[in-house]
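# Architecture and fold: a report
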Amino acid sequence: MSKIRAALVGCAKVGHTHGAALRTLDEAEFVAVCDTQGERAEAFAARYGTHAFTNVPRMLRECRPEAVLIATPHPIHAGAAILAAAAGAHVLVEKPLAASLADCDLMIDAARQAGVRLGVISQRRLYEPVRRMKAAVDAGKIGRPALGVFVMYSWRDPAYYASDPWRGKWETEGGGVLVNQSPHQLDLLQWFMGPIEEITGCWTNINHPSVEVDDTAVAVLRFKNGGLGSIVTSVAQRPGIWTKVHIHGSNGASVGVETDHGASFVAGVSNVADPALNDVWTIPGEEHLLREFEAEDRARFGQIDATTHYHRLQIEDFLRAIREGRPPLVTGEEGRIVVEMFTAIYRSQRERGPIALPIR
Ligand SMILES: NC(=O)c1ccc[n+]([C@@H]2O[C@H](COP(=O)([O-])OP(=O)(O)OC[C@H]3O[C@@H](n4cnc5c(N)ncnc54)[C@H](O)[C@@H]3O)[C@@H](O)[C@H]2O)c1
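A brief report on the enclosed structure follows. (Residues numbered from 1 in each chain as written. Predicted model: local features only at pLDDT ≥ 70, side-chain atom pairs only at ≥ 80, totals over all residues. Heavy atoms only, no water.)

## As for the sheet that holds strand E10 (residues 228–234)
Test applied: We call two strands paired when DSSP finds no fewer than two bridges between them. Only DSSP runs of H or I with at least four residues qualify as helices, and only runs of E with at least two residues qualify as strands; both kinds are numbered from the N terminus onward.
With mixed pairing, the eight strands of this open sheet are ordered in space as E13-E12-E11-E7-E10-E9-E8-E14. Because the sheet does not close on itself, it has two edges, and the strands there are strand E13 (277–281) and strand E14 (355–356).

## Describing the pattern of salt bridges
For clarity, the threshold we go by: Every case where a carboxyl oxygen of Asp or Glu lies within 4 Å of a side-chain nitrogen of Lys or Arg is listed as a salt bridge. Buried, partly exposed and exposed residues are distinguished by accessible area as a fraction of the type maximum, computed with a 1.4 Å probe on protein chains only: under 20%, between the cut-offs, and over 50%, respectively.
In the structure shown here, the tally under the stated rule is 23 salt bridges. Across the salt bridge formed by Asp-164 and Lys-13, the nearest N and O atoms sit 2.3 Å from each other. You can see Asp-164 sitting in the loop between helix H7 (158–162) and helix H8 (170–173) and its partner Lys-13 sitting in helix H1 (residues 13–24), a full 151 residues away along the chain. On the accessibility criterion, Asp-164 (12% relative accessible area) is buried. For Lys-13, a relative accessible area of 23% gives the class partly exposed. Linking Glu-286 and Lys-141 is a salt bridge whose minimum nitrogen-to-oxygen distance equals 2.7 Å. Of this pair, Glu-286 sits in the loop between E13 and helix H10 (289–301) while Lys-141 sits in the loop between helix H6 (128–138) and strand E7 (145–153), and the two are 145 residues apart along the sequence. Since its relative accessible area comes to 15%, Glu-286 is described here as buried. In the salt-bridge network here, residues are joined through shared partners; they are Glu-128, Arg-132, Glu-296, Asp-297 and Arg-300.

## Some thoughts on the pairing of E7
Burial analysis of E7 places seven of its nine residues in the buried class, the great majority of the element. Here E7 pairs with strand E11 (residues 242–249) via eight bridges, running antiparallel. For Val-149, the partnering residue across the bridge sits in E11 and is His-246. Pairing geometry for E7 and E10, over seven bridges, is parallel. Opposite Tyr-153, over in E10, you have Ser-234 as the bridge partner.

## Let's talk about the environment of Phe-301
Heads up, the rule is: By the convention used here, residues are in contact when the closest approach between their heavy atoms is within 4.5 Å.
Tracing the backbone shows Phe-301 in helix H10. Judged by its relative accessible area of 21%, Phe-301 falls in the partly exposed class. For the pair Phe-301 and Val-272, spaced 29 residues apart in the sequence, the C-alpha separation amounts to 9.7 Å. Apart from residues no more than four positions distant in its own chain, Phe-301 is found in contact with Val-272, Ala-273, Asp-274, Pro-275 and Ala-306.

## Some remarks on the packing of helix H4 (residues 77–86) against helix H5 (residues 101–114)
Between two packed helices, both the angle of their axes relative to each other and the distance between the axes serve to describe the pair. In plain terms, the rule: Angles run from 0 to 180 degrees between N-to-C directions of axes, and those axes are lines fitted to C-alpha atoms, restricted for helices to the stretch in contact. In this scheme, roughly parallel covers angles under 35 degrees and roughly antiparallel covers those over 145, while 65 to 115 is roughly perpendicular and the rest are oblique. Note on residue classes: Ala, Val, Leu, Ile, Met, Phe, Trp, Tyr, Cys and Pro are nonpolar, Asp, Glu, Lys and Arg are charged, and everything else, Gly too, is polar.
Where H4 meets H5, the closest approach of the two axes is 9 Å, and the angle between their N-to-C directions is 10°. Judged by the inter-axis angle, H4 sits roughly parallel to H5. In this structure, H4 contributes His-77, Ala-78, Ala-81, Ile-82 and Ala-85 to the contact, and H5 contributes Asp-103, Leu-106, Met-107, Ala-110, Ala-111 and Ala-114. Partitioning the contact of H4 with H5 into residue classes produces nine nonpolar, one polar and one charged.

## A few points about unusual backbone geometry
With an omega of -15°, the peptide bond between Lys-95 and Pro-96 qualifies as cis. Tracing the backbone through its elements, the reader meets Pro-96 in the loop between strand E5 (90–93) and H5. Here Leu-357 and Pro-358 are connected by a cis peptide whose omega angle stands at -5°. Relative to the elements of secondary structure, Pro-358 occurs in the segment after E14. Its identity as a non-glycine residue notwithstanding, Arg-64 has a phi of 45°, on the positive side. Despite not being glycine, Arg-352 shows a phi value in the positive range, around 55°. By the element assignment, Arg-352 lies in the loop between helix H12 (332–351) and E14.

As structure tokens, then:
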């Protein structure tokens, strides 16, 4: 079967995770990379055995990729995604889909008009403990998902924000902990609980005076199924403690995951140091499974590189989705829901009240 001609835009931290996947996946022929920093693009291309560009239109014209992966800072996702879709390429974008809903809509429209697939990375959906939870919720084992809780007590130091000029600023990052560190678990919360009716939230900056944006946010959610939810997310806890998503059901049973132990990893800087584990499992008759799950997950963790493995799985899914003519694991429309969630929390703080979803 012929390979899919794939290109990457953004050749730095998480870009290496994409590069490593594209170089080794059977489905891909890694035809080009693009970064506005020419030396970075050249070094990256040499390392992964592909061609370097510093300008997206030229890369699209000369290499005609069928799939373009985008790993630039979030407010810059839309520009490259729209150009790639218009050139007929399927587009897989790093999280969050964009920093604004206006950008999300332009990207989704561009993909629809061109008849190409738009996907967004949310690799924690592929963590085995998360998949177990999704299967249990979908099988009705907790009744109706009635209460969804996302808690992150993580840490980012001043050096992290200083590491790239775009970090920690409204204009070039679009937000803080909500936009950068939380999209994975915001996505899981809406994936487990279903459509959201309204969100009330607020944010603050507890101990990062060098940055403008939120390092902490809280929110209360009401879901369309009648369920409730809560979010407490922070990168102001030193050391980072954990990140968890718990889903409590109408029959009284609960399932939960600790997606990250300690501070969540920084792609290209630190590695995933501990496996994700189910930390709550009270489905009647299945309580004993918690220990078995943990043994399985710890054994697997010893055999894979968890920092890159789940990205690779999602990129593989995207390439297979193109070939099979089906939607990817996480679509652009689902990526937009995460952007709606953080947009609603920022707007709720400004307007001092609940924000109804969807936000058009
Ligand atoms: N899924 C995950 O776990 C995960 C982890 C880390 C980062 N990310 C996401 O990946 C994206 C990139 O993060 P990062 O930490 O790798 O950032 P980074 O700053 O390390 O890399 C971004 C690269 O994009 C390049 N770039 C900027 N504008 C460009 C343009 N117009 N055309 C081509 N290249 C351009 C920059 O020169 C830089 O090399 C962000 O959206 C971030 O949220 C996701």
